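Survey of secondary and tertiary structure
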Amino acid sequence: MPAMHFVVCWPDGSKETCYSPSTAIEKHLLINHPYRLDEFIATTVRALDEASERVKAKFGYFCSSAMDQSAAIRLRAQQFSPEQVVIVETIKPVTA
C-alpha cells in the first residue's frame, strides 16, 4: 500500500507536508485547487478516514498515522476562519 505526502499551503502562506497511508488522498484532493478551509477539512478528513479503512482491510487495524494527521489538520485549521482558502500544492508518493 503506497503512502503519500501532500503539501498544504495554509491561508497565512505557511506550508506543511502531510501524510496519507494510501493513495486514497489522490482521488479526493486536487492540486492547486483553492479550497475553502471548511471544504478542505471535510475532504481531507474523509480521505484520511478512507485511507485508514484501507489499512484496516489489509492489516486488520486502523492507521494511527492517518488519524493523527487528520487531528493535526483540524487543530491547525482552528487558527483560520472557515471561508479562508487552502491550496494543496503537491501530492507525491513517499519514497524510502
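Structure's up top.
These remarks concern the structure in this document. From a predicted model like this one, the values you see are computed outputs, not experimental measurements. (Residues numbered from 1 in each chain as written. Predicted model: local features only at pLDDT ≥ 70, side-chain atom pairs only at ≥ 80, totals over all residues. Heavy atoms only, no water.)

So, the overall build of the protein chain
The helix and strand inventory of the protein chain stands at three helices and four strands. Counted from the first residue to the last, the protein chain has its helices and strands arranged as β-β-α-β-α-α-β. The C-alpha atoms of the protein chain give a radius of gyration of 13 Å, which matches the 12 Å a tight globule of 96 residues would have. Along the longest, intermediate and shortest principal axes, the C-alpha atoms of the protein chain span 40 × 25 × 20 Å. With 96 residues in all, the protein chain has 39% of them scored as buried. A sequence separation of at least 24 residues applies to 64% of the contacts in the protein chain between residues at least 6 apart. Surface accessibility of the protein chain: about 5200 Å² in total, with carbon and sulfur atoms responsible for 55%. For the protein chain, the separation between the mean place of its 10 positive charges and that of its 11 negative charges on side chains is 5 Å. (Helix = DSSP H or I, 4+ residues; strand = E, 2+ residues; numbered from the N terminus. Rg over C-alpha atoms; globule rule 2.2 N^0.38 Å. Buried < 20%, exposed > 50% of the residue type's maximum accessible area, 1.4 Å probe, protein only. Contact = heavy atoms within 4.5 Å. Areas by Shrake-Rupley, 256 points an atom, 1.4 Å probe, with all protein chains shown as cover. Lys, Arg positive; Asp, Glu negative; His and termini not counted. Charge placed at Lys NZ, Arg CZ, Asp CG, Glu CD.)

Some remarks on the environment of F6
For F6, the location among the structural elements is in strand β1 (residues 4-9). Judged by relative accessible area, which is 0%, F6 ranks as buried. Spatially, the C-alpha atoms of F6 and S20 are 7.8 Å apart, while their sequence positions differ by 14 residues.

Regarding helix α2 (residues 37-59)
End to end, α2 covers 32 Å across 23 residues, agreeing with the expected 33 Å (1.5 Å per residue, within 8%). Taken as a whole, α2 has its buried residues at L37, F40, T43, T44, V45, A47, L48, A51, S52 and V55. The elements touched by buried residues of α2 are β1, β2 (15-20), α1 (24-28), β3 (34-36), α3 (64-77) and β4 (85-93). Positive backbone phi, approximately 90°, marks G60, located one or two places after α2. (Expected span 1.5 Å × (residues − 1).)

Here we look at the pairing of β2
Pairing geometry for β1 and β2, over six bridges, is antiparallel. Counted as the bridge partner of M4 is S20 from β2. Adjacent in sequence and paired antiparallel, β1 and β2 are bridged by five residues, among which G13 carries a positive phi angle near 90°. (Pairing = 2+ DSSP bridges.)

Focus: the nonpolar core
Of all hydrophobic cores here, the largest spans 21 residues; its most connected members are F6, W10, I25, L29 and F40. Mapped by element, the contributors of at least two residues to this core are β1, α2, α3 and β4. Residue contributions to this core peak at five residues, all from α2. When neighbours within four sequence positions are excluded, F6 is seen to be in contact with E16, T17, C18, Y19, S20, I25, L29, T44, I73, V88, T90 and I91. (Core = buried A, V, L, I, M, F, W, Y, C linked by side-chain atoms within 4.5 Å.)

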